[in-house]
Amino acid sequence: MLGAVELGGTKIRVARGGGDGRIEAGETFATVGPDESFARILDFFRGGSPIDAIGIGAFGPVAVGRGDADYGRLRGTPKPGWRDFDIGAAMGSLGVPVAIDTDVNAAGRAEAALGALAGLDSGIYLTVGTGIGGALIVGGSPAPGASHPEMGHVALVRAPGDDCPSVCTWHQNCAEGLASGPAIERRFGASLSALPDGHPGRALIAFYLGQLLASLVLAAAPRRIVIGGGVAKTPGLHERAHAAMLRSLNGYGLYPGVEGPDFVVPPALGDDAGLAGALLMAGACRP
Ligand SMILES: [Zn+2]
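All of these numbers come straight from a predicted model, not from anything done at the bench. (Residues numbered from 1 in each chain as written. Predicted model: local features only at pLDDT ≥ 70, side-chain atom pairs only at ≥ 80, totals over all residues. Heavy atoms only, no water.)

Participant: Please explain the coordination of the zinc ion as it appears in this structure.
Facilitator: In a perfect tetrahedron of four donors around a metal, the angles come out at 109.5 degrees. In a perfect octahedron of six, they are 90 or 180 degrees. At the metal site, the zinc ion is ligated by His153 (ND1), Cys168 (SG), His171 (ND1) and Cys174 (SG), and these contacts range over 2.1 to 2.4 Å. Seen from the zinc ion, its 4 donor atoms lie at angles of 102 to 118 degrees, and the figure they make is tetrahedral. Sequence spacing of the donor residues for the zinc ion, all on one chain, is H-x14-C-x2-H-x2-C. Here the residue His153 occupies a position in the loop between β8 (141-142) and α4 (175-179), and Cys168 occupies one in the loop between β8 and α4, the gap between them amounting to 15 residues. (Donors = N, O, S within 2.8 Å, 3.2 Å for Na, K, Ca; no water. Tetrahedral: all angles 85-135°; square planar, octahedral: opposite > 155°, others 65-115°. Helix = DSSP H or I, 4+ residues; strand = E, 2+ residues; numbered from the N terminus.)

Participant: Sorry, what's going on with the packing of helix α3 (residues 103-114) against helix α8 (residues 273-285) here?
Facilitator: If you want to describe how two helices pack, look at the angle between their axes and the distance between the axes. Following both chains from N to C, one finds α3 and α8 inclined at 85 degrees, their axes separated by 7 Å at the closest point. Classed by the angle they form, the pair α3 and α8 counts as roughly perpendicular. Here Ala106, Ala107, Arg109, Ala110, Glu111 and Ala113 of α3 come into contact with α8, specifically with Ala273, Gly274, Ala276, Gly277, Ala278, Leu280 and Met281. Grouping the constituent residues of the contact of α3 with α8 by class yields 9 nonpolar, 2 polar and 2 charged. (Axes fitted to C-alpha atoms, helices over the stretch in contact; angles between N-to-C directions. Parallel < 35°, antiparallel > 145°, perpendicular 65-115°, else oblique. Contact = heavy atoms within 4.5 Å. Nonpolar A, V, L, I, M, F, W, Y, C, P; charged D, E, K, R; others polar.)

Participant: It is not clear to me how the domain arrangement of the protein chain should be interpreted in this structure. Could you clarify?
Facilitator: A common way to report how large an interface is uses the accessible area buried once the components associate. Domain boundaries assigned for the protein chain yield domain 1 (2-105 + 271-285) and domain 2 (120-266). If you average the C-alpha positions of domain 1 and of domain 2, the two centres end up 25 Å apart. The partner domain 2 presents 14 residues to the 14 residues of domain 1 that form the contact. The residue Asp271 makes a salt bridge to Lys233 at a minimum N-O spacing of 2.8 Å. Across the contact surface, domain 1 and domain 2 share 2 residue pairs in polar contact (both at pLDDT 80 or more). Along the lines of polarity and charge, the residues of the side of domain 1 that touches domain 2 split into 6 nonpolar, 5 polar and 3 charged. (Domains from an automatic or database assignment. Salt bridge = Lys/Arg side-chain N within 4 Å of Asp/Glu carboxyl O. Polar contact = N/O pair within 3.5 Å; in protein donor to acceptor, adjacent residues only side chain to side chain.)

Structural data, given as structure tokens:
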């Protein structure tokens, strides 16, 4: 039996399951301060069947390189109380191996092993929700790097007349600042799916996400892009963002499959991709 944690910006999911990504009983609770949040996580794993290892997919920035001196420690998050919080140390009292990666790297691993990126040599998993984050998956695993990618903070060109303040602490024109769930709430006072179908906000968010997808195509040439997260549950979002991506590319940088209907898709594992990926990570580090 293995443990999995999905540490999100607004909620935390914990579960037991198998190294094949199969999720058994779990719990979900709101993300609060780190001490209280991890007390609940530890309570869950101390009760019930013992686990052999645990995988954690966390919001970032977080140190994910096994060789990093600060492996498992959160870096530079604006979340009150969470900056420099040491996830690995917090889990240490369970006495089992702990694998830590970003939430999107975990979800991308699961989609590559079991879902929409299976059988592809490269793909991108993007989440558009409380924040925007992405994972570049190559050969079934996140591509190596000095840190994890920060795809949500790629700079975009604003639509003419759009002077709505960004929700990003650092950037006035990044994807997360302009098109994440909180950015949409600030713009329209509602979620994207709550806007009427013909509302111009739907086209505006597709315009921004399309620019982000075009940058990812140009930088990494993925075989497919999976978009999950709360905003991506808006009906028609994948098709609209794909069409906007092609308009942004304007005929340049195209390759086989990039114009096809299966290039931008929702996660095959739905909301379970992150937890399933955390179980795969736990399976890989189990003694
Ligand atoms: Zn930003």
